[in-house]
Amino acid sequence: NVIRFLEQNQDKIAWRYLSQNPSAIHLLEQNQDKINWEMLSYNSNAIPLLEQNQDKINWSNLCNNPNAISLLEQNQDKICWFKLCNNSNAIPLIEQNIDKIQRGTRGYPMICWEHLTPNPNALPIFEQNQDKIDWKRLSYNPSIFELDTQAMKQQMNPIAQELIANVLHPLKIEYYLEKYNYNLELDEYVV
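Residues numbered from 1 in each chain as written. Predicted model: local features only at pLDDT ≥ 70, side-chain atom pairs only at ≥ 80, totals over all residues. Heavy atoms only, no water.

## Comments concerning the overall build of the chain
Alright, step 1. Summing up its helical and strand segments, the chain has 15 helices and two strands in all.
Alright, step 2. Counting only residues that meet the buried cut, the chain has 31% of its 191 residues in that class.
Alright, step 3. Carbon and sulfur atoms form 51% of the exposed surface of the chain, whose accessible area is close to 13100 Å². (Helix = DSSP H or I, 4+ residues; strand = E, 2+ residues; numbered from the N terminus. Buried < 20%, exposed > 50% of the residue type's maximum accessible area, 1.4 Å probe, protein only. Areas by Shrake-Rupley, 256 points an atom, 1.4 Å probe, with all protein chains shown as cover.)

## Considering the nonpolar core
Alright, step 1. Among the nonpolar cores identified, the biggest contains 41 residues, and Leu50, Leu62, Leu72, Leu84, Ile94 and Leu116 are the most heavily contacted of them.
Alright, step 2. Every residue in contact with leucine 50, bar those within four places of it in the chain, is listed here: Trp37, Leu40, Ser41, Ile57, Leu62 and Leu71. (Core = buried A, V, L, I, M, F, W, Y, C linked by side-chain atoms within 4.5 Å. Contact = heavy atoms within 4.5 Å.)

## A few points about the pattern of salt bridges
Alright, step 1. Using the criterion set out here, one finds three salt bridges in the structure.
Alright, step 2. Lysine 132 serves as the salt-bridge partner of aspartate 131, at 3.3 Å between the closest nitrogen and oxygen.
Alright, step 3. For lysine 132, a relative accessible area of 29% corresponds to the partly exposed category.
Alright, step 4. Between arginine 137 and aspartate 134 there is a salt bridge, and its shortest N-O distance comes to 3.4 Å.
Alright, step 5. Classification of arginine 137 by relative accessible area gives partly exposed; the value is 30%.
Alright, step 6. Residues participating in the shared-partner salt-bridge network are Glu114, Asp134 and Arg137. (Salt bridge = Lys/Arg side-chain N within 4 Å of Asp/Glu carboxyl O.)

## Structural notes on the environment of proline 118
Alright, step 1. Its place among the elements puts proline 118 in the loop between α11 (113–116) and α12 (123–128).
Alright, step 2. Separated by 24 residues in the primary sequence, proline 118 and proline 142 have C-alpha atoms spaced 7.7 Å apart.
Alright, step 3. When residues no more than four places from it in sequence are discounted, the contact partners of proline 118 are Arg137, Tyr140, Asn141 and Pro142.

## Here's the deal with the packing of aromatic side chains
Alright, step 1. Scanning all chains against the criterion turns up three aromatic pairs.
Alright, step 2. With a centroid separation of 4.9 Å and 80° between ring planes, the pair formed by tyrosine 175 and tyrosine 176 is classed as edge-to-face.
Alright, step 3. Look at tyrosine 175 and you get partly exposed, because its relative accessible area is 45%.
Alright, step 4. Summarising the aromatic geometry, the rings of tyrosine 176 and tyrosine 180 are spaced 6.3 Å apart at their centres and angled 10° between planes, so their arrangement reads as stacked.
Alright, step 5. Sitting over the ring of phenylalanine 5, arginine 4 keeps its end group 4.4 Å from the ring centre. (Phe/Tyr/Trp six-rings, centres within 6.5 Å; stacked < 30°, edge-to-face > 60°. Lys NZ or Arg CZ within 6 Å of the ring centre and 35° of its normal.)

## Observations concerning the side chain of asparagine 119
Alright, step 1. Inspection of the secondary structure puts asparagine 119 in the loop between α11 and α12.
Alright, step 2. Take asparagine 119: its relative accessible area is 2%, and that puts it in the buried class.
Alright, step 3. Within the local environment of asparagine 119, its side chain forms a polar contact with the backbone oxygen of asparagine 87, the two atoms lying 3.0 Å apart.
Alright, step 4. When residues no more than four places from it in sequence are discounted, the contact partners of asparagine 119 are Cys85, Asn86, Asn87, Ser88, Ile91 and Asn141. (Polar contact = N/O pair within 3.5 Å; in protein donor to acceptor, adjacent residues only side chain to side chain.)

## Details of the environment of serine 41
Alright, step 1. Along the chain, the position of serine 41 falls in the loop between α4 (37–40) and α5 (47–52).
Alright, step 2. Each C-alpha atom of the pair serine 41 and asparagine 65 lies 7.1 Å from the other, and the pair is 24 residues apart in sequence.
Alright, step 3. In contact with serine 41, not counting residues within four places along its chain, are Leu50, Ile57, Asn58, Asn61, Leu62 and Asn65.
Alright, step 4. A distance of 2.9 Å separates a polar side-chain atom of serine 41 from the backbone oxygen of tryptophan 37.

## Some remarks on the side chain of asparagine 65
Alright, step 1. Take asparagine 65: it is sitting in the loop between α6 (59–62) and α7 (69–74).
Alright, step 2. Looking at asparagine 65, the relative accessible area reads 0%, which means it is buried.
Alright, step 3. Of note is the side chain of asparagine 65, whose polar atom sits 2.8 Å from the backbone oxygen of asparagine 43.
Alright, step 4. Not counting the four nearest positions on each side in its chain, asparagine 65 is found in contact with Ser41, Tyr42, Asn43, Ser44, Ile47 and Asn87.

Encoded structure:
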């Protein structure tokens, strides 16, 4: 909702930060000369704008952009595999290139197992590479737990029944109908 204020006060805009704002794409498209392309590469809604200006992309930052997978797949020679490990949508791309990126160039690994470990979609990769798991960082990974939603529903059912009985009690409904002057016969609010 602040975007309209920014449109009226463009001389006060911090374009570096606005370039990262997914809600500011229309304003950025209108002011491409002011875009901070390094920061725009992080912007999840900027993919069409980035595709049109590939010479301005910061490829390292783009690797963190969850919506940039298609663009990265088309430009694999520009991928920073180290940073791509953080991108939860990049797991298929990493899996397709796992042999290549494990070796790296000059003997240095191109995959960062520490960054990949907390990636919620990386567990299939670690099933095949358990010796690479950073066990400390694995604790950050939300997908290591499987929720038993059926048991949770059963556990919450008595509370839910009591809550519904209290909230939807006829006396409470009558109170709020009277309080807000709701006319049941006309089925509309009386002003």
